[in-house]
Amino acid sequence: MTRIQQVQWELEMDYIGHPYYVSGNAILHALGQHVPHDVHQHLHASHGVFVPGQFGTFPEEHSQSGIRPYLGSGLPDVESYDDLFLMRNPAHRWLLDSRPRDALNTHDIRPQSGHPALSHETIMGKPEDARKQQQTTKWYINAYLHADDPDALPLGEDVLDGLQFGGKRNYGYGITRLKDTQVVDLDDLDYSRLEDGEAFLVEVTTPFVLESEYPKAADQDVPWWWKESRRDLREREEKILEQREVYKLQTVDHGQVVKYEGDRPIETAKSGILRVGSHSKYGFGEFQVKPVEPRSDQCKNS
């Protein structure tokens, strides 16, 4: 039995920090103030992905279907492997096309004490003849935990509520409230789309660490089962904070898609949920395995 605990936090105040996500390292530091050391040392945290609390529709590969009000504000039931990644992609492909996707997919930036801060809500004006003159979109943080010791999870709601992330926390920035949480057993999920697939792609969900200044962190190249070599991939410099020391990381940037050359897609998929490589404990190295959809006869003829 391999369990993860999904968590959805609602931002109650603007966040000053990494513009793309709340790092798993930051989530672990916040939890360390509320759980005993013997529990905390076993925890691993994903990066927290920002999610708009908007209307959406489940994608075709999801086990559920249809339009849901404020789909981004909670945690839908998870029955299949693909369900896990609904809120993990910052493109938010589940947002309705009938709404201003480009605006709803992006945080407002508000200067706070000289620092750019991601707003905890987005307020948009509406036409004069509309029933309401403005629309407010609240922002959430989607993350999940797993543990070396199965008895360490699930964490109680009292532990998860009221955590703060980012800078200027003494001034109230980055405070959250727990919106939803649930436990998922990875062994009980439906992996039939992977079982039926013949070829696969790997989408990098969070940066994959190649080099690290952190002591005793083994440098490594991209996995052997990625078709692309390092020279073919876009890299990004990241940082990790430990004991007030900042360490630089050289990473494969998230969002890239590479061809999978292994022969165990389901086992690889489970590893991607729990993350691989250096600093996987702190949210790095998450990826999703996707089957390559066969092209139609019309596309082949073209």
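What counts and how
- Residues numbered from 1 in each chain as written.
- Predicted model: local features only at pLDDT ≥ 70, side-chain atom pairs only at ≥ 80, totals over all residues.
- Heavy atoms only, no water.
- Helix = DSSP H or I, 4+ residues; strand = E, 2+ residues; numbered from the N terminus.
- Rg over C-alpha atoms; globule rule 2.2 N^0.38 Å.
- Buried < 20%, exposed > 50% of the residue type's maximum accessible area, 1.4 Å probe, protein only.
- Contact = heavy atoms within 4.5 Å.
- Areas by Shrake-Rupley, 256 points an atom, 1.4 Å probe, with all protein chains shown as cover.
- Lys, Arg positive; Asp, Glu negative; His and termini not counted.
- Charge placed at Lys NZ, Arg CZ, Asp CG, Glu CD.
- pLDDT = per-residue confidence, 0-100.
- Pairing = 2+ DSSP bridges.
- Axes fitted to C-alpha atoms, helices over the stretch in contact; angles between N-to-C directions.
- Domains from an automatic or database assignment.
- Buried area = accessible area lost by both parts, 1.4 Å probe.

Draft legend 1. A look at the overall build of the protein. Secondary structure summary: the protein contains seven helices and 17 strands in total. Relative to the compact-globule value of 19 Å for 302 residues, the protein shows a C-alpha radius of gyration of 20 Å, a close match. In terms of its C-alpha atoms, the protein occupies a principal-axis envelope of roughly 55 × 50 × 40 Å. The burial tally for the protein puts 48% of its 302 residues in the buried class. Of the contacts formed within the protein by residues at least 6 apart in sequence, a portion of 69% connects residues at least 24 apart. Just so you have it, the protein exposes about 15,600 Å², and 45% of that area is on carbon and sulfur atoms. Separation between the mean location of the 33 positive side-chain charges and that of the 49 negative ones in the protein comes to 5 Å.

Draft legend 2. The arrangement of the confidence of the model for the protein in detail. Confidence in the prediction of the protein, expressed as mean pLDDT, is 90, and 94% of residues score 70 or more. Confidence over residues 296–302 falls short of pLDDT 50; this stretch has one contact with residues more than four positions distant or in other chains.

Draft legend 3. How the structure looks around the pairing of strand E7 (residues 109–112). Sheet topology note: the E7/strand E8 (residues 115–118) ladder contains four bridges and is antiparallel. When the sheet's bridge partners are listed, Arg110 is paired in E8 with Ala117. Taking the residues that link successive antiparallel strands as the turn, the E7-E8 hairpin has two residues, and the phi of Ser113 there is positive, at about 55°.

Draft legend 4. Looking closely at the sheet that holds strand E13 (residues 208–212). Across the sheet, which stays open at both edges, the three strands sit in the order E13-E15-E14 with antiparallel pairing between neighbours. Looking along the sheet, the strands with just one partner apiece sit at the ends: E13 and strand E14 (235–242). Between one strand axis and the next, the sheet turns through 40° on average, direction left out of account. As paired elements, E13 and strand E15 (residues 245–252) share four bridges and run antiparallel to each other. Its bridge partner lying in E15, Glu211 is registered against Gln250.

Draft legend 5. Expanded view of the environment of Pro291. Relative to the helices and strands, Pro291 resides in strand E17 (residues 287–291). Linking Pro291 and Ala199, residues 92 residues apart in sequence, is a C-alpha distance of 5.9 Å. Leave out the neighbours within four places in its chain, and Pro291 touches Arg193, Leu194, Gly197, Ala199 and Phe200.

Draft legend 6. Highlighting the sheet that holds strand E12 (residues 200–204). Spatially, the three strands line up as an open sheet ordered E16-E12-E17, and their pairing is antiparallel. A strand with exactly one partner marks an edge of an open sheet, and here the two such strands are strand E16 (257–259) and E17. Across the sheet, the axes of successive neighbouring strands diverge by a mean angle of 30°, strand direction being ignored.

Draft legend 7. How the structure looks around the side chain of His107. Among the structural elements, His107 can be located in the loop between helix H3 (101–104) and E7. Judged by relative accessible area, His107 falls into the buried class, the value being 12%.

Draft legend 8. Looking closely at the side chain of Gln54. Along the chain, Gln54 falls in the loop between strand E4 (48–52) and strand E5 (56–57). Since its relative accessible area comes to 1%, Gln54 is described here as buried. Once you skip the residues sitting within four places of it in the chain, Gln54 turns out to touch Tyr70, Leu71, Gly72, Trp94, Leu95, Arg99, Leu104, Gln135 and Thr137.

Draft legend 9. Spatial organisation of the domain arrangement of the protein. What the domain assignment reports for the protein is domain 1 (3–185) and domain 2 (191–291). Domain 1 and domain 2 are separated by 22 Å when their C-alpha centres are compared. At the junction of the two partners, domain 1 supplies 27 residues and domain 2 supplies 28 residues. In total, domain 1 and domain 2 occlude about 2,100 Å² of area from one another, counting both sides; carbon and sulfur atoms represent 51% of this. Together, Asn25, Tyr81 and Phe85 form the three largest contributors to the area buried by domain 1 at its contact with domain 2, with a combined 29%.

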